[in-house]
2 protein chains.
Amino acid sequence: MSSEELAAAAGVNSAKLRKDLSHLGSYGTRGVGYDVAYLLHQIRRELGLTQHWPIVIVGIGNLGHALANYRGFAERGFRTAALVDADPGKVGEEVGGLRIRPLAELPSIVREQDAAIGVIATPAAAAQAVADALVAAGIRSILNFAPAALVVPEGVSVRKVDLAVEMQILTYYEQRKAALDEVTSAG
Amino acid sequence: MSSEELAAAAGVNSAKLRKDLSHLGSYGTRGVGYDVAYLLHQIRRELGLTQHWPIVIVGIGNLGHALANYRGFAERGFRTAALVDADPGKVGEEVGGLRIRPLAELPSIVREQDAAIGVIATPAAAAQAVADALVAAGIRSILNFAPAALVVPEGVSVRKVDLAVEMQILTYYEQRKAALDEVTSAG
DNA sequence: GCGTGTGAAAACCTTCACAGCT
DNA sequence: AGCTGTGAAGGTTTTCACACGC
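Here the structure is a predicted model, which means the values were calculated and not measured.

## What about the relation of the copies chain B and chain A?
Mapping chain B onto chain A is achieved by rotating through 180° and translating by 0.0 Å along the same axis, at an RMSD of 0.2 Å. Such values leave the two copies arranged in the relation of a two-fold axis. For chain B, the residue whose C-alpha comes nearest the rotation axis is Ala66 of chain B, separated from it by 3.1 Å. Of all interface residues in chain B, 98% are interface residues in chain A too; the two copies therefore contact each other through one and the same surface.

Written as structure tokens, this is what we have:
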């Protein structure tokens, strides 16, 4: 398959796609294109998608529930190793085949399961304390769904997903579209 | 508050923060800093966060459930106007105080509720068909949680949130950290 | 004196365009 | 002939650094 076709499928410029792929090495054939299966294998290897990563979800509210039951993770190389909640009323409850465990067990969970990623699905007010607990337990990668800016030590990676912000970005464009419509119909 | 303090809180460079704010106008005072309350008001106005936006959630599985019950939206100016699912078995069921409605009702929902954003929380296989239905119903902004690249007409905005990709980015860094550790301990 | 607002410089990213391999 | 891989060009974003107003 040519870079032109791959780029069209991905919605990007073909030169960009070729340059990006060139960072992995020369896996294309001039005059022919790319062997998609081989390319996928190389990309997976480079991105570390060939191994399975155990994750710990903290905060089993609505979002935590959804994440615990989400099939997409397993399909993409992630295994939900444990569920944790600070609420003693929730501890012991079973969600998606896993028993909810207390925050205090984080260190042993991380050790036993060799957990690589902590997912924070708590309210914003609890997020920093949970992040501190995850880091203390040995976690070095955090995916944060709480609308809070986390402070973590050097060497710990944090990614934040803020659902409301995603929508706000859409409404910003929506507003601009509306303003543009007005100008257009007036002019 | 100075740009230095605001930048530290946001985790960015102070010059960048000042330049970004300057696009909204001159809301700071030289030698003093910014009036945070006034600044927030100006930012909210510019970003269109002063009005409430009705949203429609399509696909009431685990994620759809979580989104329907998520409090964070209301706090940030979004109102869940309707829940929609293609599964006749789910239609009529009540989630978060709203009755699930069939896909066929999308046009009337969008008209009656003046819905601005469609949220796709379906499996990947259904995502394009749902997007087409949303666009046909008059929606011009889509937030897509399905791991699928949507094709939409000019003038329709799409944002994609892929939870597995977020984790893959973390594991990529994790892998690089591990490789670096090896080199360091070997050298 | 202090901190904003902003030209200019530096860094970074994307696209062009074509030499070179199949 | 056709498509990759990549220098060079063009564009955008980030940072620097300082004139200017409080």
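Moving on from the coordinates now.
## Notes on the protein's contact with DNA strand C
Taken together, 22 residues lie around DNA strand C, and Ser3, Arg18, Arg30, Gly31 and Tyr34 of chain B are the ones closest in. Among the atoms of DNA strand C lying within 4 Å of the protein, the sugar-phosphate backbone contributes 58%. Between DNA strand C and the protein, one listed contact pairs a base oxygen with a side-chain N or O atom of Lys19 of chain A at 3.3 Å. Only helix H2 (14-22) of chain A together with helix H2 (14-22), strand S1 (28-29) and strand S2 (33-34) of chain B provide two or more residues apiece to the surface near DNA strand C. The element that contributes the greatest number of residues to the surface near DNA strand C is H2 of chain A, accounting for 4 residues.

## Focus on the pairing of strand S8 (residues 141-144) of chain B
Side chains on a regular strand alternate between the two faces of the sheet. Residue and element names in this part refer to chain B. Residues of S8 alternate between two faces, with Ser141 and Leu143 on one and Ile142 and Asn144 on the opposite face, all of them buried. In this structure, strand S7 (residues 117-120) lies alongside S8, joined through 4 bridges in parallel fashion. Its bridge partner being in S8, Ile120 is matched across the sheet by Asn144. In this view, the connection linking S7 to its parallel neighbour S8 by way of helix H7 (residues 124-137) has right-handed handedness. Where S8 and strand S9 (residues 157-160) come together, 4 bridges link them in parallel fashion. Note on S9: the bridge partner recorded for Ser141 is Ser157.

## Examining helix H1 (residues 3-10) of chain B
Residues and elements named next belong to chain B. When H1 is considered as a whole, its buried residues turn out to be Ser3, Leu6 and Ala7. For H1, the arc enclosing every buried residue in end-on projection is 100°, short of the 170-degree limit, so these residues lie on one face. Away from its buried face by more than 90 degrees, H1 exposes Glu4, Ala8 and Ala9. If you follow the buried residues of H1, they end up packed against H2, S2 and helix H3 (36-47).

## As for the nonpolar core
Leu67 and Val119 of chain A together with Leu67 and Val119 of chain B are the most contacted members of the largest nonpolar core, which has 46 residues in total. With near-sequence residues (within four places) excluded, Val119 of chain B lies in contact with Met167 of chain A together with Ile55, Val56, Ile57, Val58, Leu67, Leu143 and Phe145 of chain B.

## Description of the domain arrangement of chain A
Taken domain by domain, chain A holds domain 1 (3-46) and domain 2 (53-164). Taking only C-alpha atoms, the centre of domain 1 of chain A and the centre of domain 2 of chain A are 34 Å apart.

## Examining the interface of chain B and chain A
Chain B puts 49 residues into the contact, and the matching count from chain A is 49 residues. Across the chain B to chain A interface the summed buried area is about 4,500 Å²; carbon plus sulfur atoms make up 62%. Our enumeration of links across chain B and chain A arrives at 5 salt bridges. Where the side of chain B that touches chain A is concerned, the elements lending two or more residues are H3, strand S3 (53-58), helix H4 (62-69), S7, S8, S9 and helix H8 (163-186) of chain B. The element that contributes the greatest number of residues to the side of chain B that touches chain A is H8 of chain B, accounting for 16 residues. Along the lines of polarity and charge, the residues of the side of chain B that touches chain A split into 29 nonpolar, 10 polar and 10 charged.

## As for the protein's contact with DNA strand D
Surveying the vicinity of DNA strand D reveals 23 residues, the closest of which are Ser3, Arg18, Gly31 and Tyr34 of chain A together with Arg30 of chain B. Listed by contribution, the elements that provide at least two residues to the surface near DNA strand D are H2, strand S1 (28-29) and strand S2 (33-34) of chain A together with H2 of chain B. If one sorts the elements of the surface near DNA strand D by residue count, H2 of chain B sits on top with 4 residues. Its residues assigned to classes, the surface near DNA strand D shows 5 nonpolar, 11 polar and 7 charged.

## Examining a nonpolar patch on the surface
All names here are of chain A. Residues Met1, Val36 and Leu40 make up a contiguous nonpolar surface patch of about 240 Å² in total accessible area. Checked against the element boundaries, Val36 lands in helix H3 (residues 36-47). Classification of Val36 as partly exposed rests on a relative accessible area of 35%.

## Observations concerning the pattern of salt bridges
Considering all chains together, one arrives at 13 salt bridges over all chains under this definition. One salt bridge connects Arg76 of chain A with Asp162 of chain B, and the closest N-O pair in it is separated by 2.7 Å. Separated into two different chains, Arg76 of chain A in the loop between helix H5 (72-75) and strand S4 (78-85) and Asp162 of chain B in the loop between S9 and H8 make up a pair that spans both. Measuring nitrogen to oxygen at the nearest pair gives 2.6 Å for the salt bridge that ties Arg159 of chain A to Glu166 of chain B. Highlighted residues: Arg159 of chain A in strand S9 (residues 157-160) and Glu166 of chain B in helix H8, drawn from two different chains.

## Quick notes on helix H8 (residues 163-186) of chain A
Residues and elements named next belong to chain A. Counted at 1.5 Å a residue, the expected span for H8 with its 24 residues is 34 Å, and the 35 Å between its end C-alpha atoms agrees. All of the buried residues along H8 are Leu163, Ala164, Glu166, Met167, Gln168, Leu170, Thr171, Glu174 and Lys177. Regarding H8, its N-cap is Asp162, as a side-chain oxygen of that residue lies 3.1 Å from the backbone nitrogen of Ala164 further along.

Calculation notes
Residues numbered from 1 in each chain as written. Chains lettered and ligands numbered in written order. Predicted model: local features only at pLDDT ≥ 70, side-chain atom pairs only at ≥ 80, totals over all residues. Heavy atoms only, no water. Least-squares fit on C-alpha atoms with pLDDT ≥ 70 in both. Contact = heavy atoms within 4.5 Å. Near = heavy atom within 4 Å. Polar contact = N/O pair within 3.5 Å; in protein donor to acceptor, adjacent residues only side chain to side chain. Helix = DSSP H or I, 4+ residues; strand = E, 2+ residues; numbered from the N terminus. Buried < 20%, exposed > 50% of the residue type's maximum accessible area, 1.4 Å probe, protein only. Pairing = 2+ DSSP bridges. Right-handed = clockwise from strand over helix to strand, strands pointing away. Arc of directions from axis to C-beta. Core = buried A, V, L, I, M, F, W, Y, C linked by side-chain atoms within 4.5 Å. Domains from an automatic or database assignment. Buried area = accessible area lost by both parts, 1.4 Å probe. Salt bridge = Lys/Arg side-chain N within 4 Å of Asp/Glu carboxyl O. Nonpolar A, V, L, I, M, F, W, Y, C, P; charged D, E, K, R; others polar. Patch = residues over 30% accessible without salt bridge, like charges linked within 9 Å, V, L, I, M, F, W, Y side chains within 5 Å. Areas by Shrake-Rupley, 256 points an atom, 1.4 Å probe, with all protein chains shown as cover. Expected span 1.5 Å × (residues − 1).

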